[in-house]
Amino acid sequence: MNGSKHRVIVVGGGLAGLAASVRIAEAGLPVDIFSIVPVKRSHSVCAQGGINACNEVARQQGYSEYEHFDESIYGGDFLAHQPPVYEMAHWAPKIIDLLDRMGVPFNRTNEGQRDLRLFGGSLYKRTHFAGATTGQQVLYALDEQTRRYAAEGKVTKYEHWEFLWPIIADDGACRGIVAQDLRTMQIRAFRADAVVMATGGNGLIFGQSTNSVMCTGGAASRCYQAGAKYANGEFIQVHPTAIPGADKLRLMSESARGEGGRVWVPAIKGPSGGWTRHPDPARDPRQIPASERYYFLEERYPKYGNIVPRDIATREIFNICMEGLGVAGGNMVYLDLTHLGREYIERKLLGIIEIYRKFVGEDPAEVPMKIFPGVHYTMGGLWTTYTPKPDLKGMTLGAPNSMMCSVPGLYAFGEVNYQYHGANRLGANALLSCIFDGLFCGLGVANAVRDAKRLASDEPQALYDRAAEQENAKQRRLVEGKGDQNPYQIAREMGAEMTAASTVVKSGPRLEQALAKIAELRDRAARISLADTGMWTNQNLSFARATADMLTLADAILRGGLERRESRGSHYRTDFPERNDAEFLATTVAQCNPDGTSRIAFEPVPKGIVEPRKRTYGKKDDAPASKPADAPKAPALALAAT
Amino acid sequence: MPTATPNAPTSSRSRTVRFAIVRCDGPGKPERTELFDVPVEPGANIISCLQWIAANPVTIEGVRTTPPTWDSGCLEEVCGSCTMNINGRVRQACSALIDAVSPSTTPPGPGGATITLEPMRKFPVVRDLCVDRARFFRNLERIKAWVPVDGTYSLGAGPTESPDHQATRYALSTCMTCGCCLEACPQFLREDKPEAWDTSFVGAAVISQAVLFNDHPTGATLKPQRLDVLSGPGGVNDCGNSQNCVKVCPKEIPLTESIGAAGRQVTVHAVKKFFSGR
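Cut-offs applied
- Residues numbered from 1 in each chain as written.
- Chains lettered and ligands numbered in written order.
- Predicted model: local features only at pLDDT ≥ 70, side-chain atom pairs only at ≥ 80, totals over all residues.
- Heavy atoms only, no water.
- Helix = DSSP H or I, 4+ residues; strand = E, 2+ residues; numbered from the N terminus.
- Rg over C-alpha atoms; globule rule 2.2 N^0.38 Å.
- Buried < 20%, exposed > 50% of the residue type's maximum accessible area, 1.4 Å probe, protein only.
- Areas by Shrake-Rupley, 256 points an atom, 1.4 Å probe, with all protein chains shown as cover.
- Pairing = 2+ DSSP bridges.
- Domains from an automatic or database assignment.
- Contact = heavy atoms within 4.5 Å.
- Salt bridge = Lys/Arg side-chain N within 4 Å of Asp/Glu carboxyl O.
- Polar contact = N/O pair within 3.5 Å; in protein donor to acceptor, adjacent residues only side chain to side chain.
- Nonpolar A, V, L, I, M, F, W, Y, C, P; charged D, E, K, R; others polar.
- pLDDT = per-residue confidence, 0-100.
- Expected span 1.5 Å × (residues − 1).
- Buried area = accessible area lost by both parts, 1.4 Å probe.
- Patch = residues over 30% accessible without salt bridge, like charges linked within 9 Å, V, L, I, M, F, W, Y side chains within 5 Å.
- Core = buried A, V, L, I, M, F, W, Y, C linked by side-chain atoms within 4.5 Å.

A.B. asks: What exactly am I supposed to notice about the overall build of chain A here?
C.D. replies: Along chain A, the regular secondary structure elements total 16 helices and 23 strands. Taken against the 2.2 N^0.38 rule, which gives 26 Å for 642 residues, the C-alpha radius of gyration of chain A at 24 Å falls within 12% of a compact globule. Counting only C-alpha atoms, chain A reaches 80 × 60 × 50 Å along its principal axes. Taking all 642 residues of chain A together, the buried fraction comes to 66%. A total accessible area of about 20,400 Å² is found for chain A, and carbon and sulfur atoms account for 51% of it.

A.B. asks: How do you make sense of the sheet that holds strand E5 (residues 127-128) of chain A when you look at a structure like this?
C.D. replies: In any sheet, the strands associate via hydrogen bonds between backbone groups, in a parallel or an antiparallel arrangement. All names here are of chain A. The antiparallel open sheet is built from three strands, whose spatial order is E3-E5-E4. The outermost strands of the open sheet, each flanked by one partner alone, are strand E3 (51-52) and strand E4 (116-117). Sheet topology note: the E3/E5 ladder contains two bridges and is antiparallel. Following the sheet pairing, Ile51 is matched in E5 by His128.

A.B. asks: Before we go on, may I ask you to explain the domain arrangement of chain B in this structure?
C.D. replies: Where interface size is given, it is often the accessible area lost as the parts come together that is meant. Residue and element names in this part refer to chain B. Each assigned domain of chain B is listed here: domain 1 (15-127) and domain 2 (133-276). A separation of 32 Å is found between the C-alpha centroids of domain 1 and domain 2. Listed per partner, the contact involves 19 residues of domain 1 and 19 residues of domain 2. Counting across the interface, domain 1 meets domain 2 through two salt bridges. At the junction of domain 1 with domain 2, the criterion picks out 10 residue pairs in polar contact (both at pLDDT 80 or more). Elements with a minimum of two residues in the side of domain 1 that touches domain 2: strand E3 (83-86) and strand E4 (89-92). Examining the composition of the side of domain 1 that touches domain 2, we find that four residues originate from one element, E4, more than from any other. In the side of domain 1 that touches domain 2, the residues fall into eight nonpolar, five polar and six charged.

A.B. asks: Is there a simple way to think about the confidence of the model for chain A in this case?
C.D. replies: Regions with low pLDDT carry predicted coordinates that are not meant to be interpreted in detail. For chain A, the mean per-residue pLDDT works out to 94, and 96% of the residues sit at or above 70. In the model, residues 625-642 of chain A has pLDDT below 50 throughout and makes 47 contacts with residues more than four positions away in sequence or in other chains.

A.B. asks: Which parts of the structure should I look at to understand helix H15 (residues 539-563) of chain A?
C.D. replies: Each α-helix turn comprises 3.6 residues. Residues three or four places apart therefore point the same way. All names here are of chain A. Taking 1.5 Å per residue as the helical rise, H15 with its 25 residues ought to reach 36 Å, and the 36 Å between its terminal C-alpha atoms agrees with that figure. Counting buried residues in H15 gives 20 out of 25 residues, a clear majority hidden from the surface. You can read the cap of H15 off the contacts: a side-chain oxygen lies 3.1 Å from the backbone nitrogen of Asn540, and it is on Asn538.

A.B. asks: Just to check I follow, could you spell out the domain arrangement of chain A for this structure?
C.D. replies: Residue and element names in this part refer to chain A. If you check the domain split of chain A, you get domain 1 (3-235 + 379-461) and domain 2 (241-373). Between domain 1 and domain 2, the C-alpha centre-to-centre distance is 33 Å. Taken together, the contact between domain 1 and domain 2 spans 26 residues of the former and 26 residues of the latter. With both chains or domains summed, domain 1 and domain 2 bury close to 2,000 Å², and 54% of this area falls on carbon and sulfur atoms. Taken together, the links from domain 1 to domain 2 amount to two salt bridges. The residue Asp115 makes a salt bridge to Lys348 at a minimum N-O spacing of 3.9 Å. Where domain 1 touches domain 2, the interface holds 11 residue pairs in polar contact (both at pLDDT 80 or more). When its residues are assigned to classes, the side of domain 1 that touches domain 2 shows eight nonpolar, 15 polar and three charged.

A.B. asks: Is there a simple way to think about a nonpolar patch on the surface in this case?
C.D. replies: All names here are of chain B. A cluster of nonpolar side chains, contributed by Val271, Phe274 and Phe275, occupies part of the molecular surface with about 390 Å² of accessible area. Tracing the backbone shows Phe274 in helix H10 (residues 255-276). The exposure class of Phe274 is exposed, given its relative accessible area of 65%.

A.B. asks: I'm lost on unusual backbone geometry in this one. Help?
C.D. replies: A negative phi angle characterises most non-glycine residues, just as the trans form characterises most peptide bonds. In the Ramachandran plot, His160 of chain A falls in the positive-phi region, its phi being about 65° despite a non-glycine side chain. Turning to its location among the elements, His160 of chain A is positioned in the loop between strand E6 (155-159) and strand E7 (161-168). The phi angle at Lys144 of chain B is positive, at roughly 50°, despite the residue not being glycine. Here Lys144 of chain B shows up in the loop between helix H3 (134-142) and helix H4 (163-173).

A.B. asks: Honestly, the nonpolar core in this entry has me stumped. Any pointers?
C.D. replies: Ranked by internal contacts, the top residues of the largest apolar core, which has 249 residues, are Met197, Leu382 and Ile435 of chain A together with Phe19, Ile46 and Leu117 of chain B. Among the elements that take part in this core, helix H11 (residues 430-450) of chain A stands out by supplying 12 residues, more than any other. If we ignore the near neighbours within four places in the chain, the residues touching Ile46 of chain B are Phe19, Met84, Ile86, Ala93, Ala96, Ile98, Ile115 and Leu117 of chain B. Counting residues in each nonpolar core, the second largest holds 10 residues, with Val178, Leu463, Tyr464 and Ala467 of chain A among its members.

A.B. asks: Honestly, the environment of Glu299 of chain A in this entry has me stumped. Any pointers?
C.D. replies: Residue and element names in this part refer to chain A. Assignment of secondary structure puts Glu299 in helix H8 (residues 296-300). Along the primary structure Glu299 and Cys405 are separated by 106 residues, whereas in three dimensions their C-alpha atoms are 44 Å apart. For Glu299, the residues in contact, after removing those within four places along its chain, are Lys269, Trp275, Tyr294 and Lys620. Among the polar contacts made by the side chain of Glu299, one reaches the side chain of Trp275 at a distance of 3.2 Å.

A.B. asks: What is the right way to read the pattern of salt bridges from this model?
C.D. replies: A side chain with one charge can pair with a side chain of the opposite charge if their charged atoms come near. Applying the stated rule across the entire model yields 82 salt bridges over all chains. Residues Asp336 of chain A and Arg293 of chain A are paired through a salt bridge, measuring 3.5 Å at the closest nitrogen-oxygen approach. Highlighted residues: Asp336 of chain A in strand E18 (residues 333-336) and Arg293 of chain A in strand E17 (residues 293-294), separated in sequence by 43 residues. The exposure class assigned to Asp336 of chain A is buried, which follows from its relative accessible area of 3%. Of the charged contacts in the structure, one is a salt bridge between Glu77 of chain B and Lys358 of chain A, with a shortest N-O distance of 2.5 Å.

Structure representation (C-alpha cells):
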C-alpha cells in the first residue's frame, strides 16, 4: 500500500466527521479535517438526551436489535431504506461499548452498569445517556481520539476553514475541495482521493431553530449546486419541546418526557368530555387543580402517552395552541417535571434544567416549563447509495459506495446524509446514525481510495487552479456588489417564510406562495451589498455567501413539499392529510437547475424486510382528531431574531 | 430618547440599551471603542444584541461602521465559543441575559447604563471580540487528554464504574474549553509566541482535564506522561491559589479540587521518579 500518496478530506468535525476521520486514519490513510469552528465546538455538543441501543436489560424483556430497527422504520413512516437502518441497529450496542471504552461518562446504576432511560417511539428503555449532555460527552470522546491522531500526525485539522466547493474532475469524480481560511480569507484548492461531507443540518434556513449558528446547510447546498442530488428535503423535524428565545430556540430534551415529564394545558372539562379554555389566563400553574389540567397526549395516546414520536407530539401541541388552549391562550404548553422531585430531576436531567434556569430564569423543579415546538433536525440531505446484503438484512461492510453521493468520490455522513430516519427521526437515533456512518462507511471510503485507479495526485494542477479561481471570482462579485440589499434582512425574511409555510403544517397554495417569496429573495440576494468588504475575518462575507446557498436549498425543500401530495411523518399537508403509499412510498430527489431552482423526481423506496403498516401509535379512536386549523397563524417559532 | 438609532424600537415592552464594544481590525492594529444603541426585548441576550448590531452597524453618532466580529456556536452555553468580557467579567455571551447584566431601565445617555464588551485579554485578538485560543488546545494535546483505546473495533464494554465515580468524572468532563478560568487567572499570562507556550502556565482547565483522564482506568496508563508535563515549567506549581478560576467557571467545575488533586499526584510522581531513578 502506498499510503502517503493518498489523502482523504472530511468536511465537518461533528460526530460523523470525527468518527469517519478516526476510522479512516486507523485504516492507514492520512485525513484532512475542515471545520468552520474548532471541532470540539461542533453542533453535536447540543444533543442532550442520549443514544439508542439494544442492551441486556431490554433484551431480557423481549427487545432486540430487530425491534430497534422496526421502531426506527415505523417511526420514520416507512420512508427510510431498510438495509442501512437494519445494519445501524445491529451496530448500536457495539458503538455504545466503544464509547464506553473511550471514557464517555455514561450514567451508572448502583451496580456500576450503564443506566438506561425511556425515549420517544419505544416502550423499552434503550437510551444510554451521560447526564443531559450526551452529545457533548460523546463528541468530546471523539475529539480526544482525533487529537491523539493529530498528535501522531495521522490527522490534520483545518479549523476556522470553510468548505466552498467540491472539485470534480473530467471523469465526474470528486477529487478535492476549495476552502477558505476564515481568518486570512485566503481561498485554496486541496487535493483528495475522496471527500466526506459531514456538515450536519440546515436549521438556519428556518431562521430560528435549535441549531448552532453555523448550521446553514451551506456546504450541502454547494454540493447540490455542483451536481449532487438532494433527497427528502421537505422532511424537517420540528422538535415538540423548545424554549422560545430572542436569538435561538433552545432545545428542551425529549429525556424530560422520557424521565416522566408530563405535557398539559390549563382547561376545563365539559360534561361531554371536551375541553375548553379556562376564563382566567393568568393563573399560577402550581395553583391549578388536577381536574383542570388537560394532559392531552396521555388522553389521546394512552399507550405511549407523553413519549409519542416527535412529529406527533409537535402536531398535537401545535393544534392545542391553534385551538386556543395554549397557556394564557398563547403559543405555549406546560412541560411539567415538578412531580418528580428535585433530587431525581437534578440527578437525571441537570444539564437541561440548567439551560432552562439560565435562559428563562425559572426553576423547573418548582414551576412547570413553558415550551413550544421548534425546528430541530434535517431528515433529508444529500442523496446517497450503499450496497445492501442479498437478504436485505444490512449493508455490505467495506463496500466502496457506502453512503456515496450521486457524485463518485463524494460521501455524505451524519445529518447531511438523507438515510436512516425516513420521514421522522426517533429521539436518540441521531448520535447513533452519525457515529455509525463514520465507523461503518469510513471503512468503505478507505477501501475505495486504496482501490482507486485514478488519484488526485494524477490530476492536472489546472483543475485545482480553475476551481480556486471560480470561488475567488464569486467572492469578488459579492465584495464589489453595489446593490441595496442587506443579507441579514434577506435571511430573516427567508426564515420567517420557511417557518410559516414549511414546518408543522403545509398546504399546496401556501408552499406555492413561499416558492414565489424565495424567488423574490433570490433576486434580491443578487443585489447584496456587504457592510464589510475587508479581507480579514470577514463574517459578513461568509454569512452573505451562505444566505444565497440557503435560498437554493429552501427552493428544493419547498418544491419537494409541494410535489409530495400526501402526509407522512413530519410532512403534514392539510390538503392531502393521508399517507399515500401507492404514489409516494418514494424518495424525493431534487436536482439543481442553473438558475438555483430545483426539479423533483420520485424514486421508489426499495422493498425491505418489513411491510409498511398504518402508523397510529395506539391513538384512541374517540380522541379528537389531529386535524390542524386550515389556516394556521404563524406560530411563535416564526418570530425572527431582533 | 436616542435619535441616531437606525431602527426605532418596535415593541412597547422593549427598551434601549447602549453597548460599548471594543473593536480591533486585526492583530497589531489599534483598539477603539464604538457605541451602539440597541432595542432590547425581554429575554434578549448579548448574542441577540450583537446580531442586531451586525444587521444595523451604525454607531450612536450615526456613523456606518463594519459589523462587529465575534465567535459563537450553540448559544446554549455548551460549546464554549462565545467567551468575552462583559462589563469587565469574563463569561459566555449567550447566557448573559440583558435584563440581568443591565437591569437599569434608564435610557442611554447621562445616568443610563452601558454594557461594555471586550475580547478576552489572555489570548491574541483575531478581530474585535474574536480571539485565538490555539494555545489552549495545544495544551490539551501536551497533557494527552485522551483515553488510549486499542482502536475503534468492537472489543467489548469499558470498565464498570460506580455512580459516584461517574458523577465526579462527568463534572470534569463538562469543561467546554471556553477559557473563562484562564482569563481570570493572575498566573495565566498572554503569550503570543507559540514557541513559549510549552513552558508557560497551562491553567486550571488543562490541569483538570489531566486529572479527569488520570482517573479513568485506561486513561491512567498515560498518567506518568501527564504528570511529567504538570511537574515541569508551566505546570501545577505555577498556580498561585487565587481561586479565581472556580469563581468564573460557567459549568461550576470544581477546578480548585482538580488543582489540589494534581498537586498531590505530581508529588507522588516526583517521589516515585526519585526512587526509581527514571
